[in-house]
Amino acid sequence: MILRHENTPAPCRRYSRILSFRPHLKRALYATLAGGCLAFASVGHGQRALAQVATPSHESTFAEMDATARFLTQATFGPRPDEVIALTGSSPSQWLLAEFSKDPSLNLPIVASYLEQQGNAACNDQEGSDAEDEDLEDSEEDEEGEEEDEEGEEEDEEGEDTGESGDEACEEQELGIDGVFAPNFAFWINAITGSDQVRQRMAFALSEIMVISNTGGEFLTDTPPAVAYYQDVLTTHALGNYRDLLEAVTYSPAMGYYLTYLANRKGDPVTGRVPDENYARELMQLFTIGLVELNMDGSSKTDINGNAIETYTNDDITGLARVFTGLAAQCNDFDDRSFSCEEDEEEDTEVTNSLISNPDFLPYMEPMKMFESQHSPLEKSFLGATIPAGTNGIESITQALDIIFDHPNVPPFVSRQLIQRFVTSHPSPAYIERVATAFAAGSYTLPDGMVVGDGRRGDLQATLSAILFDDDARDMASLSDDTFGKVREPIIRFANWARAYNVSTVTPEFMPLLWNTGSPNLLGQQPYGAPSVFNFYRPGYVAPGTLTGARD
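About the cut-offs
- Residues numbered from 1 in each chain as written.
- Predicted model: local features only at pLDDT ≥ 70, side-chain atom pairs only at ≥ 80, totals over all residues.
- Heavy atoms only, no water.
- Helix = DSSP H or I, 4+ residues; strand = E, 2+ residues; numbered from the N terminus.
- Contact = heavy atoms within 4.5 Å.
- Areas by Shrake-Rupley, 256 points an atom, 1.4 Å probe, with all protein chains shown as cover.
- Axes fitted to C-alpha atoms, helices over the stretch in contact; angles between N-to-C directions.
- Parallel < 35°, antiparallel > 145°, perpendicular 65-115°, else oblique.
- Nonpolar A, V, L, I, M, F, W, Y, C, P; charged D, E, K, R; others polar.
- pLDDT = per-residue confidence, 0-100.
- Expected span 1.5 Å × (residues − 1).
- Buried < 20%, exposed > 50% of the residue type's maximum accessible area, 1.4 Å probe, protein only.
- Phe/Tyr/Trp six-rings, centres within 6.5 Å; stacked < 30°, edge-to-face > 60°.
- Lys NZ or Arg CZ within 6 Å of the ring centre and 35° of its normal.
- Polar contact = N/O pair within 3.5 Å; in protein donor to acceptor, adjacent residues only side chain to side chain.
- Salt bridge = Lys/Arg side-chain N within 4 Å of Asp/Glu carboxyl O.
- Core = buried A, V, L, I, M, F, W, Y, C linked by side-chain atoms within 4.5 Å.
- Left-handed = near helix turned anticlockwise from the far one by under 90°.

A. The arrangement of the overall build of the protein in detail. Scanning the protein from N- to C-terminus turns up 23 helices and 6 strands. In the protein, the proportion of contacts linking residues at least 24 apart, taken out of those at least 6 apart, comes to 74%. When the accessible surface of the protein is summed, it comes to about 23500 Å², and 49% of that surface belongs to carbon and sulfur atoms.

Below, the structure is given as structure tokens:
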């Protein structure tokens, strides 16, 4: 790889100047730091035969430092210098298998730590204030003379009241900055320092497909454990099966709130009330099948008049919406639903310094439960299938997710978006088809002959392996091609920089610029902070006015 500064944007020249690594490592890490300066994949060269077997020669991907750094840039939040040195000359297949076997770095424990610290600080402040009040009262008592005993009793009562207010302060704390932004802090800590880099990168990719957002100052802003629990749903299932992920997402309180089916009541023909249709619509449009029928290569199917064929109608949304009735957080009864679960506390709870034990938070750190009395008993017809009347809520959800997951659109629809997140913004139809075939087959043979995936449709280890080891992704000739690759998102670019410079102590609570990076004068993008369920761009988005966007 040759760096020609005369054709390089100014930010890229700056990164090149400030690098102080040895020359051969400098070349490898330049790609990590340079933002949108280089493309990180290869050009598709027409149609190829479908296969779930990697080209054996790709086992030599780690033969040179340039290629090693490029692979790690695609697969992780960016390589560290020592990783590039250590992995060069080793097996990329074995490295990926090792990544798949790593335990997940979770977010909820980090958020709990921030909430505990905030709780301790608030209670300590209150205890200090109570102590000062008691000292003042003692001084006043000494000056009262003959009325000391009587007034002492009165002041003792006041002291008791002050003590009660101190307990209430510990029990009824309000979130501070550390609490509100704790899910953001957890993301940066795991993205930059997490050892399970492939899992973390996949979780972030999935967060831009199955979107929730804690911006806007609403319930998810004020309930950071709900967001952290959702982050961990994605992290836990990131290298599992997409069908299992769909189910875990469906039952997560954060998604239930964000797409307004938490406490979604069955229809009432007397009042004219109908179930909320939001999740039913977005589950199909954004999470699984998209708006039009697709071939395995991601191209649209057309009718006899050449028009794209829609995947669903309003009637399908109405029928599917009945499925997602009756779900609510595991706290008070459905009919008493609010976003507070204090009424569930039958006995007084011990005062705790930790906000993570707040009774308002606890139900949002576990899956929602089904209230059968509020689940629609009606027949549920959608996508050409019917769930019989009288089917209970849990079984209705299971059948509905199975029906949607078996739709032929799911492999190409999901595969294209994952390719976009890891390798290139506008993959060729042949690339999409190869990855979609691996998704559908649930298995993939690595360059060293090892097979990943359990053979079930939707295996994400097989899918990601197919993305990273595809011929298009590994062709080094693409580095000089303007029609392939992608400009990295600001979040990924920042994490790349931090890892390239060996940032090891990540304390975003002490860096106000990282509290909310969504401002246009910062990153313009915040993790789990998209402006809508459509993420920062829609599934079919291609950057306008670019050579990549102009390529058919």
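Having seen it, we continue.
B. Structural detail: the packing of helix H12 (residues 224–237) against helix H13 (residues 242–250). The interhelical angle for the contact between H12 and H13, taken along N-to-C directions, is 170 degrees, at an axis separation of 10 Å. The orientation of H12 with respect to H13, classified from their angle, is roughly antiparallel. Two secondary-structure elements touch here, H12 through Tyr230, Val233, Leu234 and His237 and H13 through Asp244, Leu245, Ala248 and Val249. The residue makeup of the contact of H12 with H13, split by class, is 6 nonpolar, 1 polar and 1 charged.

C. Quick peek at unusual backbone geometry. The residue threonine 260 is not glycine, and still its phi comes out positive at about 60 degrees. Note that threonine 260 resides in the loop between helix H14 (253–258) and helix H15 (278–288). With a phi close to 50 degrees, leucine 383 is a non-glycine residue in the positive phi region. Here leucine 383 lies in the loop between strand E3 (380–382) and strand E4 (385–387).

D. How the structure looks around the confidence of the model for the protein. Considering every residue of the protein, the mean pLDDT works out to 82; 72% of them sit at 70 or more. Here residues 129–133 is a poorly scored stretch, pLDDT under 50, and it has 4 contacts once near neighbours within four places are set aside; other chains count. Long-range and interchain partners of residues 157–164, a stretch whose pLDDT sits below 50, account for 5 contacts in this model, where long-range means more than four residues apart.

E. Fine view of helix H18 (residues 410–422). Taking 1.5 Å of rise per residue, the 13 residues of H18 would be expected to cover 18 Å, and the 18 Å separating its terminal C-alpha atoms lies within 8% of that figure. Across the 13 residues of H18, 13 count as buried, placing the element largely inside the fold.

F. Local environment of the packing of aromatic side chains. Taken as a whole and judged by the stated rule, the model has 21 aromatic pairs. The residue whose ring lies beneath arginine 457 is phenylalanine 405, and the NZ or CZ to ring-centre distance is 5.7 Å.

G. Here's a closer look at the side chain of threonine 311. Position of threonine 311 relative to the elements: it lies in the loop between H15 and helix H16 (314–321). Relative accessible area serves as the criterion here: at 9%, threonine 311 is assigned to the buried category. A polar contact is formed between the side chain of threonine 311 and the backbone oxygen of glycine 290, at a distance of 2.6 Å.

H. Molecular detail of the pattern of salt bridges. Summed over all chains, the structure comprises 10 salt bridges. Where glutamate 99 meets lysine 102, a salt bridge forms, and the shortest distance between an N and an O atom there is 2.7 Å. Among the ionic pairs, aspartate 454 bridges to arginine 456, the shortest N-O distance being 3.1 Å. It is possible to trace a salt-bridge network through shared partners that takes in Arg243, Glu247 and Asp402.

I. Region of the structure containing the environment of valine 111. Examined against the element boundaries, valine 111 turns out to sit in helix H6 (residues 108–143). Between the C-alpha atoms of valine 111 and phenylalanine 187, which are 76 residues apart in sequence, the distance is 9.8 Å. In this view, valine 111 contacts Ala182, Pro183, Ala186, Pro224, Pro225 and Ala228; residues no more than four positions away in its chain are not counted.

J. Spatial organisation of the side chain of glutamate 208. Checked against the element boundaries, glutamate 208 lands in the loop between helix H10 (197–207) and helix H11 (219–222). Residues in contact with glutamate 208, not counting those within four places in the same chain, are Arg421, Glu489, Gln525, Asn535, Phe536 and Tyr537.

K. Broad picture of the environment of glutamate 372. With respect to the helices and strands, glutamate 372 occurs in the loop between strand E2 (369–370) and E3. A relative accessible area of 39% means that glutamate 372 is categorised as partly exposed.

L. Up close: the environment of phenylalanine 361. Along the polypeptide, phenylalanine 361 turns up in the loop between strand E1 (327–328) and E2. A residue is classified by how much of its surface remains accessible, and phenylalanine 361, at 6% relative accessible area, is buried. For the pair phenylalanine 361 and threonine 223, spaced 138 residues apart in sequence, the C-alpha to C-alpha distance is 6.5 Å.

M. Quick look at H12. Over its 14 residues, H12 extends 20 Å from the first C-alpha to the last, a length consistent with the 20 Å expected when each residue adds 1.5 Å. With 12 of 14 residues buried, H12 lies mostly within the body of the structure. For H12, the complete set of buried residues consists of Pro224, Pro225, Ala226, Val227, Ala228, Tyr229, Tyr230, Gln231, Asp232, Val233, Leu234 and Thr235.

N. Molecular detail of the nonpolar core. Counting 122 residues, the largest nonpolar core has Met210, Tyr242, Met255 and Leu320 as the members making the most contacts within it. With 8 residues, helix H9 (residues 182–193) is the single largest residue contributor to this core.

O. The arrangement of the packing of H10 against H12 in detail. Orientation of H10 relative to H12, taken along the N-to-C sense of each, is 125 degrees, at an axis distance of 8 Å. Between H10 and H12, the interaxial angle falls into the category oblique. In the crossing of H10 with H12, the sense of the turn from one axis to the other is right-handed. Contacts between H10 and H12 involve Arg199, Gln200, Ala203, Leu206 and Ser207 on the former and, on the latter, Leu234, Thr235 and Thr236.

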